[in-house]
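What follows is each chain in one-letter form.
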Amino acid sequence: VVSTQSTWGSYFRCEPMRRSISREMLGLWQVSCDPKLVRQVLVVCTANLLQVTCGYGIGFSSPCLSQLAKEEFFSPENSSWFASTLVIGQIFGSLLGPVLADKVGRRKACAVGAFFSIFGWALIGLSSLEWMLFVGRAITGFFDCLSVPVGIMYVSEISETKLKGSFLNSSAIASGIGIALAYLNGTVFYWRYACAFPIVFSGLVIFLLSFCQESPVYLLTKDKPALPSLIWYRETKEASKENDLEIERELKDLEFQTSSSGEGIKSSVKKLMFGQNLRPFLILVVLFFLYPLTGIYSITFLPSTCSRS
């Protein structure tokens, strides 16, 4: 974490240059839109590219398994591990992602996940042995899923309340697009060439993140100035006193929320068991328990195998 922190710290350190380039690149959008909308959409699109890459990994196994079987990369008994190793990596990545985001920040955590995802997909594309495929799948599952919850955190923390629901719902669409792209590319292209698409997506994520500001919520948790970041995400075409007051009110609300978020797990569980929170929590638990039992993951990972059987 320390070495990664220093590497990405130097990458994101050129603040004045990054701001000037950002204004030039986003200038055309800002002619017709408020800068705050353009900048929030920029973060949403970047986070959704992470979702596309994660979905691509899920859909990649089905069209490529037949090609790999013809090349005799692994025995029929081990073919199921091509899909399963991805899930193993996803479990640990989704758990570590929020922890890393609290350590180094949302923006850097997303960049770290995208950076190492490139290595995972490159390993798959250059594989010559069975174990290389499985290790590459585990790496991509780990780092793609490491970035997904962090990206959702990032979007929720920089979005205006009126846009937050739409922005967060777009992540599900992005994941579905990634799965569909994997089905299409795996069918049309040779499996090694199909690995190039998520590499391009992850490279684009790193590029776009260099034009984004860190989450003001994260800055507040680290006792760093959060006002410049919040102003950047709330800037309008024409400065007004009303907008300045709104930014100040939002900053105070964020300060209150972050100060009360460190009350500990016992306090969080107590709030969760409170009447108005308990019912939706139980509904979610039941839904998430029943959802895998529908067989959706078997169909998503291996639709061609299921249709043949």
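Since this is a predicted model, take the numbers as computed values, not measurements. (Residues numbered from 1 in each chain as written. Predicted model: local features only at pLDDT ≥ 70, side-chain atom pairs only at ≥ 80, totals over all residues. Heavy atoms only, no water.)

By the definition in use, this model includes 15 aromatic pairs. Look at phenylalanine 115 and phenylalanine 119: their rings are 5.3 Å apart centre to centre, the planes differ by 70 degrees, and that puts the pair in the edge-to-face class. Of this pair, phenylalanine 115 and phenylalanine 119 both sit in helix H6 (residues 106–125), four residues apart, roughly one helical turn. Judged by relative accessible area, which is 49%, phenylalanine 119 ranks as partly exposed. Three or more aromatic residues joined by ring pairs make a cluster, and in this case those are Tyr56, Phe60, Phe82, Trp121 and Phe201. (Phe/Tyr/Trp six-rings, centres within 6.5 Å; stacked < 30°, edge-to-face > 60°. Helix = DSSP H or I, 4+ residues; strand = E, 2+ residues; numbered from the N terminus. Buried < 20%, exposed > 50% of the residue type's maximum accessible area, 1.4 Å probe, protein only.)

So, about the nonpolar core. Grouped together as the largest cluster of nonpolar side chains are 49 residues, with contacts concentrated most on Phe60, Phe74, Phe82, Leu133 and Tyr154. Elements supplying a minimum of two residues to this core: helix H4 (35–70), helix H5 (80–104), H6, helix H7 (130–158), helix H8 (161–188), helix H9 (191–194), helix H10 (196–209) and helix H12 (227–234). For this core, the element with the most residues is H4, which contributes twelve residues. Ignoring anything within four residues of it in the chain, the contact list for phenylalanine 82 reads Phe60, Ser61, Leu65, Leu68, Phe74, Leu133, Phe134 and Arg137. Residues Val217, Leu220, Ala226 and Leu251 belong to the second largest nonpolar core, which totals nine residues. (Core = buried A, V, L, I, M, F, W, Y, C linked by side-chain atoms within 4.5 Å. Contact = heavy atoms within 4.5 Å.)

Take the environment of arginine 39 next. Tracing the chain through its elements places arginine 39 in helix H4. Measuring from C-alpha to C-alpha, the distance between arginine 39 and isoleucine 158 comes to 9.4 Å, with 119 residues separating the pair along the chain.

Interhelical geometry of H4 versus H10 gives an angle of 160 degrees and a closest axis separation of 9 Å. With respect to H10, the element H4 is oriented roughly antiparallel. Of the two elements, H4 crosses H10, and the hand of that crossing is left-handed. Listed contacts from H10 to Leu42, Thr46, Leu49, Leu50, Val52, Thr53 and Tyr56 of H4 are Phe197, Pro198, Phe201, Ser202, Leu204, Val205, Leu208 and Leu209. (Axes fitted to C-alpha atoms, helices over the stretch in contact; angles between N-to-C directions. Parallel < 35°, antiparallel > 145°, perpendicular 65-115°, else oblique. Left-handed = near helix turned anticlockwise from the far one by under 90°.)

Before going further, it helps to spend a moment on the pattern of salt bridges. If the charged atoms of two oppositely charged side chains come close together, the side chains can form a pair. In this structure the tally under the stated criterion is six salt bridges. Salt-bridge contacts for arginine 39 lead to glutamate 235; the nearest nitrogen and oxygen are separated by 2.7 Å. Remark: glutamate 235 occurs in the loop between H12 and helix H13 (241–260) and arginine 39 occurs in helix H4; sequence separation between them is 196 residues. The class of arginine 39 is buried, set by a relative accessible area of 3%. For glutamate 235, a relative accessible area of 33% corresponds to the partly exposed category. For glutamate 246, the salt bridge is made with arginine 249, and the minimal N-O distance between the two is 2.6 Å. Pair noted here: glutamate 246 and arginine 249 are both in helix H13, with a separation of three residues, about one helical turn. Where salt bridges share partners, they join Asp102, Arg106 and Glu157 into one cluster. (Salt bridge = Lys/Arg side-chain N within 4 Å of Asp/Glu carboxyl O.)

As a further point, take empty space enclosed by the protein. The tally for this structure, following the rule as stated, stands at three cavities of 30 Å³ or more. In this structure, the largest cavity spans a volume of roughly 60 Å³. Those elements that provide at least two residues to the lining of the largest cavity are H4, H7 and H8. Counting residues per element, the lining of the largest cavity draws most heavily on H7, which supplies four residues. Among the residues making up the lining of the largest cavity, the classes are represented as six nonpolar, four polar and no charged. (1 Å grid on protein atoms, 1.4 Å probe; cavity = no way out; pocket = protein on both sides within 12 Å on 5 of 7 lines; lining within 4 Å. Points joined across faces, edges and corners; volume = space filled by probe spheres on them. Nonpolar A, V, L, I, M, F, W, Y, C, P; charged D, E, K, R; others polar.)

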